[in-house]
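Survey of secondary and tertiary structure
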Amino acid sequence: MNTRRLGKTGYIVSEIGLGCWQLGGDFGPVSDQAAADILKTARSLDVNFWDTADVYGGGQSEERIGAFKDKKSVLVATKLGRGPQFEGMARYTKERVKDSITGSIKRLDVEQLDLAQLHCIPIDVLRDGEIFTFLDDMQTAGLIRHWGASVQTVEEGMLALRAASCTTLQTIFNLFRQDAVETLLPAAQKHDVGIIVRLPLASGLLSGKMTKTTIFTAGDHRNYNRDGDAFFVGETFSGLPFDKGVAFADEIKHWLPAGMSLPHLALRWILDQPAVSTIIAGVTRPDQLRANTEASRMDPLEPALVAKLHDFYIEKVRPEVRGGI
Ligand SMILES: NC(=O)c1ccc[n+]([C@@H]2O[C@H](COP(=O)([O-])OP(=O)(O)OC[C@H]3O[C@@H](n4cnc5c(N)ncnc54)[C@H](OP(=O)(O)O)[C@@H]3O)[C@@H](O)[C@H]2O)c1
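Here's what I pulled together on the structure shown here. In this text the structure is predicted, and so the values were computed from the model without any measurement.

This part is about the overall build of the chain. The helix and strand tally for the chain stands at 12 helices and 10 strands. A globule of 325 residues ought to have a C-alpha radius of gyration of about 20 Å, and the chain, at 18 Å, matches this closely. Considering only C-alpha atoms, the chain reaches an extent of 55 × 40 × 35 Å along its principal axes. Across the 325 residues of the chain, 57% fall into the buried class. In the chain, the proportion of contacts linking residues at least 24 apart, taken out of those at least 6 apart, comes to 77%. Of the roughly 13,100 Å² that the chain leaves accessible, carbon and sulfur atoms contribute 51%. One way to put it: in the chain the 37 positive side-chain charges average out to a point 2 Å from where the 41 negative ones average out.

Turning next to the site of the ligand. The local shell around the ligand holds 30 residues, among which Q22, D51, S150, L201 and K209 are the closest. With respect to the ligand, the side chain of Q22 contributes an N or O atom lying 2.8 Å from an oxygen atom. Separating a nitrogen atom of the ligand from a side-chain N or O atom of H119 is a distance of 3.3 Å. Relative to its unbound accessible surface of 890 Å², the ligand loses 93% to contact with the protein. Per-element accounting of the shell around the ligand gives the leading share, 3 residues, to helix α11 (residues 286-293). Considering only residue class, the shell around the ligand consists of 12 nonpolar, 12 polar and 6 charged.

With their axes 12 Å apart at the nearest point, helix α9 (residues 242-253) and helix α12 (residues 303-317) run at an angle of 155 degrees to one another. By the angle between their axes, α9 is roughly antiparallel relative to α12. Handedness of the crossing formed by α9 with α12: right-handed. On α12, the residues touching F248, E251 and I252 of α9 are L309, F312, K316 and V317. Taken together, the residues of the contact of α9 with α12 break down into 5 nonpolar, no polar and 2 charged.

Quick notes on the rules
- Throughout, residues of each chain are indexed from 1 in the direction in which the sequence is written.
- Thresholds applied to this predicted model are a pLDDT of at least 70 for local features of residues and 80 or more for the giving and counting of side-chain atom pairs; totals over whole chains, interfaces and linings are not thresholded and use all residues.
- Side-chain numbers here rest on the full set of heavy atoms in the structure, without hydrogens or water.
- Only runs of H or I of at least four residues qualify as helices and only runs of E of at least two qualify as strands under DSSP, and these elements are numbered from the N terminus.
- A radius of gyration in this sense is built from C-alpha atoms; the matching globule rule multiplies 2.2 Å by the number of residues raised to 0.38.
- With a 1.4 Å probe rolled over the protein chains alone, any residue whose accessible area is under 20% of its type maximum counts as buried; one over 50% counts as exposed, and the rest are partly exposed.
- Note on definitions: a residue-residue contact is assigned when non-hydrogen atoms from the two residues lie within 4.5 Å.
- Each accessible area is a Shrake-Rupley estimate made with a 1.4 Å probe; only the visible protein chains count as cover when residues are assessed.
- This count recognises Lys and Arg as positive and Asp and Glu as negative, with His and chain-terminal groups excluded.
- Working definition for charges: the position is that of NZ of Lys, CZ of Arg, CG of Asp or CD of Glu.
- Neighbouring residues are identified by heavy atoms, a residue being near a molecule or strand if any of them is within 4 Å of it.
- Counted as a polar contact is a pair of N or O atoms within 3.5 Å, where, for protein atoms, one must be capable of donating a hydrogen and the other of accepting one, and residues adjacent in sequence contribute only when both atoms are in side chains.
- Charged residues are taken to be Asp, Glu, Lys and Arg, nonpolar residues to be Ala, Val, Leu, Ile, Met, Phe, Trp, Tyr, Cys and Pro, and polar residues to be all remaining types, Gly included.
- Axes, fitted as lines to C-alpha atoms, cover a helix only where it is in contact. Angles between the N-to-C directions of the axes lie from 0 to 180 degrees.
- Note that the term roughly parallel is reserved for angles under 35 degrees, roughly antiparallel for angles over 145, roughly perpendicular for angles of 65 to 115, and oblique for everything else.
- By the definition used in this description, the sense in which the near helix is turned from the far one sets the handedness, with an anticlockwise turn below a right angle giving left-handed and a clockwise turn giving right-handed.

Okay, here's the thing in structure tokens:
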């Protein structure tokens, strides 16, 4: 597994990290045993950056990570700001931020968080900026080592970058959402802010296994949020209408270099961006994680293919993306 530096945190992280939303059951049920097997596989493959949030499965994702004891050299990043205590709040309070952080510390069974990320909080709260000072105070108090922000749009990312102590940005970035190449990535690099890529496979569309008749369980956000009924539409299938996303993935399959699978192409395309520190692909099975780590060992893509994928994105995919980029 190749590693990269996570911006000014100085952490050295695996190029392929682990997204742990799945451990909360929001991609269909994942048993305790399956969750432990995924974490064990991550350890055995040197996947040392795990991303979770206080709200995943109502705390279940964090609890499962907390219960998994073999975490030497693993960096666990969690998130705050979307729990029920923040709902409808125009102004976030320091007390609630502290309560959220101490809750995560307890569930993760640690003394201090490695990285606390703002979890797609309202843009006005980012604009106001007072929340950044709360996080600075949490750092001074020793509750967190570093803080960063998970954002939904380029504009939100730029707002977070105003804070000198923001060390990481987590963003949606994949073959179906390429804009950050020209915008957020260079800005983050300028500030030495580590880029954490989420939705690398557009919620699984870019695994290439989905068809227009694929059915998801009732508790899977790819069922109940496919049109943004529960939260930001961009978090599900990268904002693409499902049928269109399946058709686009099928089209890209025709351009695969010999011996390369679609998920490998999708992950390698992201890793070819030097501003990216780690990709937190989510998995529901250990074999998916094993397959994803192989992208770290592959050669960069040919420039002609990258150009073709860019044109395809601009001409066909981008106009279909909903919810803002
Ligand atoms: N607002 C935020 O901050 C936010 C929002 C969303 C996600 N995240 C984080 O980002 C992580 C990644 O995003 P995501 O999980 O939503 O999207 P993703 O990584 O693009 O897609 C994950 C899905 O892709 C499929 N998959 C993964 N590897 C595969 C492989 N090798 N072969 C076939 N299928 C494969 C699995 O689908 P099946 O389940 O169908 O097998 C998996 O559930 C999350 O786990 C979470 O930690 C953060």
